[in-house]
Amino acid sequence: MEKFEELSQEKQRRIIDAGMEMFGRYEYKKANTEDIAAKAGISKGLLFYYFKDKKSFYMYLFQYCVTIVTKTLDDEDFTKITDFFALMEFGAQKKMQIMVEHPFILDFICRAFSSRREAVSSDVAMELHSLMDTTFDRFLRMWISQNLTMMLIRSRCIRCWYG
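Being a predicted model, the structure only gives us computed values, none of them experimental.

Okay, the overall build of the protein next. The number of helices and strands found in the protein is 9 helices and 0 strands. Reading the protein from its N terminus to its C terminus gives the helix and strand order α-α-α-α-α-α-α-α-α. Pairs at least 24 apart in sequence give 68% of the contacts found in the protein among residues at least 6 apart. Summed over all atoms, the accessible surface of the protein reaches about 10,900 Å², with 59% contributed by carbon and sulfur.

Here it is as structure tokens:
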């Protein structure tokens, strides 16, 4: 993958988009690396020069998607939202932003989440469990911190008011 990282951003993006499109359209088994390479404008041999095999390319794409989603959602505004519907609106806006910038990401992620009995299924499941644990822990800590602060402020106000 080091060689892949040395490519221009434009060429990396062509390969990533081609991979996400084909893996998003077809299940892992049926996604053809020749088609991915052709769509990216490179040879199949070059694809395997950049990535050891089909599975490592797929897992690279999965990690790429996780990074994109995490970076997009990880902003200051997210941690300040306490209203459920405001949080849903924020999520929808960020999802649209991601889809505009990465048109094939949703299909790829949906297929990755729903894949079963594929050569990548157990690796994807492990990554998802780890990601969900980390995200849930972070969100829960933030929520507890915000709500605990509000409860302390309220209790101090009540004590001051009623003596």
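Alright, that's what it looks like, and here's the rest.
Here we come to a nonpolar patch on the surface. Among the surface-exposed residues, Phe84, Phe85 and Met88 lie close enough to one another that they form a single nonpolar patch of about 380 Å² accessible area. Positionally, Met88 belongs in helix H7 (residues 84-101). Taking the relative accessible area as the measure of exposure, Met88 reaches 48% and is therefore partly exposed.

Taken as a whole and assessed by the stated rule, the structure comprises 12 aromatic pairs. Three or more aromatic residues joined by ring pairs make a cluster, and in this case those are Phe4, Phe23, Tyr28, Tyr49, Tyr50, Phe51, Phe57, Tyr58, Tyr60 and Phe108. The side chain of Lys54 reaches across the aromatic face of Tyr28, ending 4.8 Å from its centre.

Looking now at the environment of Met1. Relative to the helices and strands, Met1 is located in the segment before helix H1 (2-5). For the pair formed by Met1 and Lys52, sequence separation is 51 residues and the distance between their alpha carbons is 7.9 Å. Sequence-distant contacts of Met1, that is, excluding residues within four places in its chain, are made with Tyr50, Phe51 and Tyr60.

Definitions and cut-offs
- Residues numbered from 1 in each chain as written.
- Predicted model: local features only at pLDDT ≥ 70, side-chain atom pairs only at ≥ 80, totals over all residues.
- Heavy atoms only, no water.
- Helix = DSSP H or I, 4+ residues; strand = E, 2+ residues; numbered from the N terminus.
- Contact = heavy atoms within 4.5 Å.
- Areas by Shrake-Rupley, 256 points an atom, 1.4 Å probe, with all protein chains shown as cover.
- Patch = residues over 30% accessible without salt bridge, like charges linked within 9 Å, V, L, I, M, F, W, Y side chains within 5 Å.
- Salt bridge = Lys/Arg side-chain N within 4 Å of Asp/Glu carboxyl O.
- Buried < 20%, exposed > 50% of the residue type's maximum accessible area, 1.4 Å probe, protein only.
- Phe/Tyr/Trp six-rings, centres within 6.5 Å; stacked < 30°, edge-to-face > 60°.
- Lys NZ or Arg CZ within 6 Å of the ring centre and 35° of its normal.

Read these as layout, nothing more, since geometry by itself doesn't imply function.
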